[in-house]
Amino acid sequence: MKPVVDCPEDPFNPLATAIIQISCMLVIAHVFHLIFKPLGQPGPVSQILAGLVLSPTLLSRINKVREFFIQDTSAFYYRIFDFISRVLFMFLFGLETDVPYLRLNLRLAGTLALGGIVMSIAFGLSISFLFMSLLDIKINKVAFMIVVSILLANSASPVVIRLIDELKFDTSEVGRLAKSASLINEISCVMVMSMYLVFTSTWMPANALWSILITVATVILNRYMARWFAMWNKKSKYVSNAHVLVILVFVVSVSLLIEGLGYSSIFISFLLGMLFPREGKTARTLFKKLTYSIHNFILPIYFGFMGFQFDAKDLNTLRHLAFVVLLVSLSFVSKLAGTMVACHHLKIPRIKGVILSFILNLKGNFEYLIIHVDVKDKTWWNSKVHNLLLVVVVINTLLSGTIVAFILKRKERYFAHKDTAVEQLSTECEFRVLACAYEPRHASGQIVLTAALCGSLAPYLMHLVELPKKRRKNNLMYNQLEDGGSFSDEEEYGGNDVLEINDAVDAFTAMSKIRIHQIKVVNSFANMYEDVCNAAEDLRVSMIIVPFHKHQRIDKQMENGKEGYRTTNQKILRHAPCSVGVFMHRNQTGFQQPIGYEKVQPVATLFFGGLDDREALAYSTRFASNTSIKLTVIRFRPSEPSSKQPPKTSPNIDDVLMSLSISKTEYEKDIVFIEDFRLRHVASGLVGYIEKYVNSGEETVEAIREVTDMDFSLLIVGKGGRGRSPLTTGLSDWEECPELGTVGDLLASADFNLKSSLLVIQQHRHHSDTEIVNS
């Protein structure tokens, strides 16, 4: 007998084919991104086009290329990659979900999602009969109607989130609302499809019960696992790679089990991420490990395969072309109509409604799960229907992404961040603040200020690390590195400071349940301010808080830190795109963290007048509702009234303006602002109010000494912006720190012997404001 030789059907290893295809896709996507990014087009558009280049429409039309890239045996690897990728990025999106924002804006996001879903399903059901006629559908008509309706209604949250992040639109109100609405939209479509399966299958109700039990058990187990792993790594910055692998294998295994029961794993993987404990090093490690790999590799490949499945040969007849054109047009019209109706009900401006409509029309996640079933399955019809629906998804996403980028580029000024000062915000609005820290002691001080703020809050803590002039060399072998990981110089910058800051943030989050978003910047002091200002603009914060370059020693005296601290602070004050506060924290004699502190701490705001003092008072308003703080506003005014006979009329405004050397507009703004503050907070008894009358710099100094003798734990004052006032005449003759302003420099001077902490605030200057100050 002749020996039997196994001859493989395919000349190439299918795994090698998949790897080469992915590599080609990433390279082409990078080239396209370099071309389209200057035109305002985001990464997903370039990645879909890269897949389109390799698809049967273009390069794979060549026989040799098609034989290499399109193999039956490689489909298994694609399915495995597709499943794991979907589970991991939905888990990451759950981790990244701003749960407090979603909770506060659930009605807005839910209404937007519901409007698009209801209108799309209504349009889909009404026109499905025409589609069935075009495609000659004669079996499983109800299933076809459901698939078409969900394809129109669904909004692919991974595509939406990635597109918004690429356009740096993720911190805007519209971007965050679109993210939340897309998540609600997609989860709702998953639930609708799951309910359909429950009612149409005899075995699905039992599986549904098992799915619910598994979901509840895994969510509970997930929380204990996160805390358990964190306890194992108390002396390290992150949990080990082995623990991360255990968590990810656990998430993938549970998702695979849910898939085996006949349901989509989108919901369970997202839920595990959203309910994962945010405090502690376990969540921080998962963010670090997953964010870079998913955003830079997994999602680009995922989007690339969307384009790779586009096949123009399926549009070879007029009926098929008409089906694609009608379905794409219907997707745009139904989503636009439903979202605009919801926006009209919610009183959202029309331009925002239009861009929300196009963002929520992005496809490419749950639709694929419905379309990518076995075409031989009885639920499906034929490969032609399968391919045409894929073509609709690709065209829809490409057009929607391009339109969104075009609108944002044209309306860039409209969607730009405008709340660059606290005075512009109402107390009900979310307060976004970026706190900077050079050392752990600075981070502790910034956490103290964060703990005192009330209302809706989005705090960010940026660790500023000096880039050494000489690059350090690593003498450790691979097996000596922590957790067996690869060595990264940038990761090592900051040393043990990173661990101390992480522990302080974790302790605060555990007590307050407020999540502080952490950022680390490594740069030279000469250029560090650019990173801070760029981050403030991208994060759309209303205030940057920087630490004073001096710190309190154990003997309660103030000591200078690095000179780079001061120069960086001065550059931030000059170039910041928002208001800036300089915080001098006296950790022993000054302000203490209100959470867990038994005594009520007295805090005072000194108000002389001017835009900086109004900003300081607006910031102080965020303390008013804190029961652990007693806020007092001390207003300094000129022209003391007679003690024997109080004046019956107010002083002449022109005389006051002449004495203060300020514009009439600024004076009127001060009067309106302080009176509104008194009506809102002083009249209710939440805030104390004192007026001090002074006519010269000497009297001002004496009045300030009286204030400091009251043992306030924190003093808040504006930097300047009040004109050349006689109230502060002569106070700047021996100025030591001009970045603190006249009064701030006086309070920070060693001769004054202040025991309180000090916060000096500078309001963001617009062109008109600068002209007023210099007038």
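Residues numbered from 1 in each chain as written. Predicted model: local features only at pLDDT ≥ 70, side-chain atom pairs only at ≥ 80, totals over all residues. Heavy atoms only, no water.

**Describing the overall build of the chain**
And step 1. Each helix and strand in the chain was counted, giving 29 helices and 12 strands.
And step 2. Put simply, the chain has 775 residues, and 54% of those count as buried.
And step 3. Excluding contacts between residues fewer than 6 apart, the proportion of contacts in the chain whose partners are at least 24 apart in sequence is 82%. (Helix = DSSP H or I, 4+ residues; strand = E, 2+ residues; numbered from the N terminus. Buried < 20%, exposed > 50% of the residue type's maximum accessible area, 1.4 Å probe, protein only. Contact = heavy atoms within 4.5 Å.)

**Digging into the packing of helix 19 (residues 440-452) against helix 21 (residues 496-512)**
And step 1. Packing of helix 19 against helix 21 leaves a shortest axis separation of 9 Å and a crossing angle of 15°. By the angle class used here, helix 19 and helix 21 are roughly parallel. The two elements helix 19 and helix 21 cross, and the hand of that crossing is right-handed. Contact residues: Pro440, Ala443, Ile447, Thr450 and Ala451 in helix 19; Asp497, Glu500, Ile501, Ala504, Val505 and Phe508 in helix 21.
And step 2. Residue classes in the contact of helix 19 with helix 21 are distributed as 8 nonpolar, 1 polar and 2 charged. (Axes fitted to C-alpha atoms, helices over the stretch in contact; angles between N-to-C directions. Parallel < 35°, antiparallel > 145°, perpendicular 65-115°, else oblique. Left-handed = near helix turned anticlockwise from the far one by under 90°. Nonpolar A, V, L, I, M, F, W, Y, C, P; charged D, E, K, R; others polar.)

**Quick word on the pattern of salt bridges**
Oppositely charged side chains are able to pair whenever their charged atoms sit close together.
And step 1. As enumerated under the stated definition, the model contains 21 salt bridges in all.
And step 2. Of the charged contacts, one joins Asp676 and Arg680 as a salt bridge, the two residues approaching to 3.1 Å between their closest N and O atoms. Here Asp676 and its partner Arg680 are both found in helix 26 (residues 664-682), 4 residues apart, which amounts to about one turn of the helix.
And step 3. Owing to a relative accessible area of 53%, Arg680 belongs among the exposed residues under this scheme. (Salt bridge = Lys/Arg side-chain N within 4 Å of Asp/Glu carboxyl O.)

**Here's the deal with the confidence of the model for the chain**
Caution is warranted with low-pLDDT regions, since their predicted coordinates should not be read in detail.
And step 1. Mean pLDDT over the chain stands at 83; residues scoring 70 or higher make up 86%.
And step 2. Taken together, the stretch residues 1-8 has pLDDT below 50 and engages in 0 contacts with residues farther than four places along the chain or on a different chain.
And step 3. Note that residues 767-775 has pLDDT below 50 and, in this model, 10 contacts with residues that lie over four places away or in other chains. (pLDDT = per-residue confidence, 0-100.)

**Description of the sheet that holds strand 12 (residues 757-762)**
And step 1. Taken in spatial order, the 10 strands make up an open sheet running 3-2-1-4-7-12-11-8-9-10, and their pairing is mixed. Looking at which strands have only one partner, the edges of the open sheet turn out to be strand 3 (517-523) and strand 10 (687-693). Pairwise comparison of adjacent strand axes, ignoring direction, gives a mean angle of 20° for this sheet.
And step 2. Judged from the 7 bridges that link them, strand 8 (residues 601-607) and strand 9 (residues 629-637) form a sheet pairing that is parallel. By the bridge assignment, Leu606 is partnered in strand 9 with Ile634. (Pairing = 2+ DSSP bridges.)

**A short note on the pairing of strand 4 (residues 543-547)**
And step 1. Most of strand 4 is tucked away: 5 of the 5 residues are buried.
And step 2. Here strand 4 shows two buried faces, one formed by Met543, Ile545 and Pro547 and the other by Ile544 and Val546.
And step 3. Both strand 1 (residues 431-437) and strand 4 contribute to a ladder of 3 bridges, which runs parallel. Residue Ala435 lies in a different strand from strand 4, and its bridge partner there is Ile545.
And step 4. Pairing of strand 4 with strand 7 (residues 579-584) involves 5 bridges; the strand directions are parallel.

**A closer look at the packing of aromatic side chains**
Two aromatic rings are characterised by how far apart their centres lie and by the angle between their planes.
And step 1. What the rule picks out here adds up to 21 aromatic pairs.
And step 2. An angle of 85° between the planes, with centres 5.1 Å apart, marks the rings of Phe131 and Phe323 as edge-to-face. With Phe131 in helix 6 (residues 106-135) and Phe323 in helix 14 (residues 318-346), the pair connects residues that are 192 residues apart, well separated along the chain.
And step 3. Accessibility expressed as a relative area gives 0% for Phe131, which makes it buried.
And step 4. Since its relative accessible area comes to 0%, Phe323 is described here as buried.
And step 5. Both rings, one in Tyr438 and one in Phe525, keep their centres 6.3 Å apart while their planes meet at 65°; by these two values the pair is edge-to-face. Separated by 87 residues along the polypeptide, Tyr438 in the loop between strand 1 and helix 19 and Phe525 in the loop between strand 3 and helix 22 (528-539) bring together distant segments of the chain. The burial state of Tyr438 is the same as that of Phe525; both residues are buried. (Phe/Tyr/Trp six-rings, centres within 6.5 Å; stacked < 30°, edge-to-face > 60°.)

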